[in-house]
Amino acid sequence: MGKATREEVRREARKEARTVDVTVVGAGPVGLLLAAELALAGATVHVLERRTEPDTALKAQGINMPTAEALDRRGLLPAAEAVQRETLKRVGPFGPAADGRGAPGAGQRAPWSRFTGHFAGMVLDPDLVDWSDPDLAAHTAAGGARMVPQRELEALLAEHAARLGVTVRRGVEVTALEDTGDGVVVGTSAGTVRTGWLVGCDGGHSAVRRLAGIGFPGTDPEIVGYQAVADIADPETLTDGWTWSPEGVYRYGPQPGRVATVEFGVTPADRSAPVSLDEVQGSLRRVSGTDVTLTALRAVPTRWSDHTRQAAAYRSGRVLLAGDAAHVHPPFGGQGLNLGAGDAMNLGWKLGAVLAGWAPEGLLDTYDTERRPLGAWVLDWTRAQIGVLRGDAKSAALRGIVADLLSTRDGTTYAVKKISGVDQRVDLSGGLPGGPPCAPSGDHPLVGRLVPDLWLADASRLADHGHGGGFLLLDRTRDGAFARTASAWADRVRSVTDDDHATPTGGPVGVPTGVLVRPDGVVAWAFSDDDGAADSSSSSARASSGITGLEAALLRWAGMP
C-alpha cells in the first residue's frame, strides 16, 4: 500500500478521537467528580493523572452545603455521613468546638452540622447563628456530611467514578496539546492521546491551561502558610484555636497535633521542595514566639500562599478548565475545593448534553458566564481575609471592627451563609448562543438557586430521585399537568409527582407546585399555586399558566424534545 495522504491521517485521527469523548487531566476530587458526571450523561471518559498514587497531603478539612448536596443527589450522602462520623472521632477533645451537637447516632441523620467555620481566624459562634434564616432552613438534609476532608472525599469519588466505568491512568503527564477543531490531540509521557474534548482539572500550575495559552491574571503572593499534623513534645506551650502575633497567625486544633501558620514577608527557599519538619517547626516558633518542639509529622504537610488568580477564559475551543486550573486563592475555609466541585457539576451535564447531541455547543458558554462570578467572589472573599490577618496596626484595627460585626447575630449569620454556600444564586437571564429563542427564566424566588430540601408524601426527598443524573421535575398539580408537558423530554427529565402533603424544611418561598431542577441542582423553573384552592378544576386552571414557562425552560435547558 502507498503512503497515506494527509487527509487520510486526519480522518483516522478523527475516528480515534471519537472513541474517547472526554479526557480529564487530574484525578483529584474535581476531576473525579467531573468524570463521574460525564459518565452519568453517557460519555466515555478517561482521566490522566501525573501522580502515581492518590495525593495524601493535608488539605481542606470540610465541604460546604452545595458540595454535600451534590453528593446527596448522586446517592453518596450515607458514605459522606460515615466519613463525618469518623472525622468527629479523630477530632476527639476538640469535638465540641467543631460540632456542638456531636455525631449522629447509628441510623440517624444530623439535621445541620454546627460547624460554622471562620473568617480570617475569627471562629463563628454557632450560638449566634439564626438557624431559622430561610436560606439556612432550606438546606438541612445534607448537614451531617460537611466534615468530609479532601483526602476522604477523593477516595469516595474515586470509588463512585470506578462504578460508573471511568478509567484513571496514573503516572501520565501531559506535555503538549493541539485543538484540531473536531478533537484534541494530547501529547503525554505515555504517548499520544486523541480525544473529543479535553478538560484541565490539574491544579494551580495547570499544564493544560499553559499549553492552551489561556492567561491567568491576578495578584502575587505576600504570605506563606503551612498546615501539618505533628507529634508535639510540649503542646501546652500553644494556645487552642487561632492566635495572632506581629509575625503572623497560627492555629492549634481542631484535632490533636494539627497546626497551621501564616507568615507575612517570608519566602521559602524552594517552593517546589517537600515540606520538612524543621520548616514547619521554624514557622510555628516564629509566629507563636515560643520554643515549641515538633518530634514527628503524622501526615504529609502542605505549603501554600495567597497567590490569587482567575483564568482569562474557562474555555478555549475544545479545551476547558475546572477547579484550581481555573482559579487559585488562599485555602481559607476550603473554598477552593468547593468552588471546583461546583465547576464539575455545572460543566459535567452541559458537556454531556453537547456530546449527546441534544444541546448546542453554545450551552458550554454558559459554563463560564455562570461559574466566573462565583469564582471572582471567592477570590475577593479570601483576599479580604488576608487584609484582616496582617500583623500591622492598621490591619489589627480593622480586625477589631470585623470581630465586632461577627459578634452580632446578623453578622455571624451573614458570614455562615456565605461560607456554607446556601445563598448562592446563578444568573439565568439571557438565551443560549446557537440555541432556540426562549422566554426569560421568570422571577420566581427559587430560579437560579440551588434546589432546597423538598420532602414528598412518601417520605422521600426530591434529591433521592436524582441519583442517576439528568433533570428532575417535581409536579404537585392534582392532574399531573406539568409531568404531561415534560413527557416529550422523558429521556432527559425525570418527573416526580406528588400531592399537597409535600413540605420543604424551610426556604425563601412556600411549597412550590412545580420545580424543574437541572442536573447540577440549580432550579431552572418554578411555579407556586399561591391561592391554594381545594377543587381540582380551579387548581388545574391556575397551573396551566405555568405550563408556558415550563415549556420555555425545557426548550432552553433540556433541548428540543
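The structure this text deals with has already been given above.
As the structure is a computational prediction, the values presented were derived from the model and not from experiment.

**Q** Talk me through the sheet that holds strand S25 (residues 514–517); I want residue IDs and the actual numbers.
**A** Strand order in this open sheet of four strands is S23-S22-S25-S26, and the pairing throughout is mixed. Two strands in the sheet have a free side with no partner beyond their single neighbour: strand S23 (493–497) and strand S26 (523–527). For this sheet, the mean angle separating the axes of adjacent strands, direction not counted, is 10 degrees. Where S25 lies against S26, four bridges are found, and the strand directions are antiparallel. Along S26, the bridge assignment pairs Leu 516 with Trp 525.

**Q** Go over the packing of aromatic side chains with me, naming the residues and quoting the values.
**A** Applying the stated criterion to the full structure yields eight aromatic pairs. With centroids separated by 5.8 Å and ring planes inclined at 80 degrees, the aromatic side chains of Phe 482 and Phe 527 adopt a geometry described as edge-to-face. Taken as a pair, Phe 482 in helix H14 (residues 481–486) and Phe 527 in strand S26 lie far apart in primary sequence, 45 residues in all. The residues Phe 482 and Phe 527 share a single accessibility class, namely buried. Within the aromatic cluster, the residues linked to one another by ring pairs are Trp 349, Trp 358, Phe 471 and Trp 557. Seen from the ring of Phe 216, Arg 209 lies directly overhead, with NZ or CZ sitting 3.6 Å from the centre. In this arrangement the basic side chain of Arg 518 is found over the ring face of Trp 557, its NZ or CZ atom lying 4.7 Å from the centre.

**Q** Describe the pattern of salt bridges, listing the residues and the values that go with them.
**A** Tallied over the entire structure, the rule returns 27 salt bridges. For Glu 222, the salt bridge goes to Arg 390, with nearest N and O atoms at 2.9 Å. Here the residue Glu 222 occupies a position in the loop between strand S10 (218–219) and strand S11 (223–232), and Arg 390 occupies one in the loop between helix H11 (365–389) and helix H12 (393–406), the gap between them amounting to 168 residues. The class of Glu 222 is partly exposed, set by a relative accessible area of 35%. Between Asp 380 and Arg 383 there is a salt bridge; the shortest N-O distance is 3.0 Å. Of this pair, Asp 380 and Arg 383 both sit in helix H11, separated by three residues, roughly a single helical turn.

**Q** Hey, could you go over the side chain of Arg 258 for me, with residue numbers and the actual values?
**A** Along the chain, the position of Arg 258 falls in strand S14 (residues 258–264). Put simply, Arg 258 is tucked away with no salt bridge, and the nearest opposite charge, on Glu 152, sits 11 Å away. In this structure, Arg 258 is in contact with Leu 58, Lys 59, Gln 61, Gln 227, Ala 228, Val 229, Arg 251, Tyr 252 and Gly 253, ignoring residues within four places of it in sequence.

**Q** So, the sheet that holds strand S7 (residues 184–188): which residues are in play, and what are the values?
**A** Sheet architecture is open: three strands sit in the order S6-S7-S8, paired in antiparallel fashion. Strands at the two margins of the open sheet, each flanked by one partner only, are strand S6 (174–179) and strand S8 (191–195). Taken pair by pair, the neighbouring strands of this sheet meet at an average axis angle of 20 degrees, ignoring direction. With five bridges joining them, S7 and S8 adopt antiparallel strand pairing. Paired with Gly 187 across the strands is Thr 192, a residue of S8.

What counts, and where the lines are drawn
Chains are numbered independently. Their residues run from 1 in the order of the written sequence. For a predicted model such as this one, the threshold for reporting local features is a pLDDT of at least 70, and the threshold for listing and counting side-chain atom pairs is 80 or more; totals across whole chains, interfaces and linings nevertheless cover every residue. Water and hydrogen atoms were dropped before computing side-chain values, which therefore reflect all heavy atoms in the structure. When DSSP finds at least two bridges between two strands, those strands are taken to pair. Per the convention used, a helix needs a DSSP run of H or I reaching at least four residues, while a strand needs a run of E reaching at least two, with both numbered from the N terminus. Only the stretch in contact is used when fitting a helix axis, every axis being a line fitted to C-alpha atoms; angles between N-to-C directions are given from 0 to 180 degrees. Planes of paired rings set the category: under 30 degrees apart is stacked, over 60 is edge-to-face and the rest tilted, where pairs are Phe, Tyr or Trp rings (Trp by its six-membered ring) whose centres lie within 6.5 Å. Partly exposed describes any residue whose relative accessible area lies between the buried limit of under 20% and the exposed limit of over 50%, with all areas from a 1.4 Å probe on protein chains only and scaled to the type maximum. Only when the NZ atom of a Lys or the CZ atom of an Arg is both within 6 Å of the ring centre and within 35 degrees of the ring normal do we say a charge sits over the ring. By salt bridge we mean one thing: a side-chain nitrogen of Lys or Arg within 4 Å of a carboxyl oxygen of Asp or Glu. Counted as positive: Lys and Arg. Counted as negative: Asp and Glu, with His and the chain ends omitted from the count. Should any heavy atoms of two residues lie within 4.5 Å, those residues are counted as being in contact.

All quantities given are derived from atomic positions and should not be read as evidence of function.
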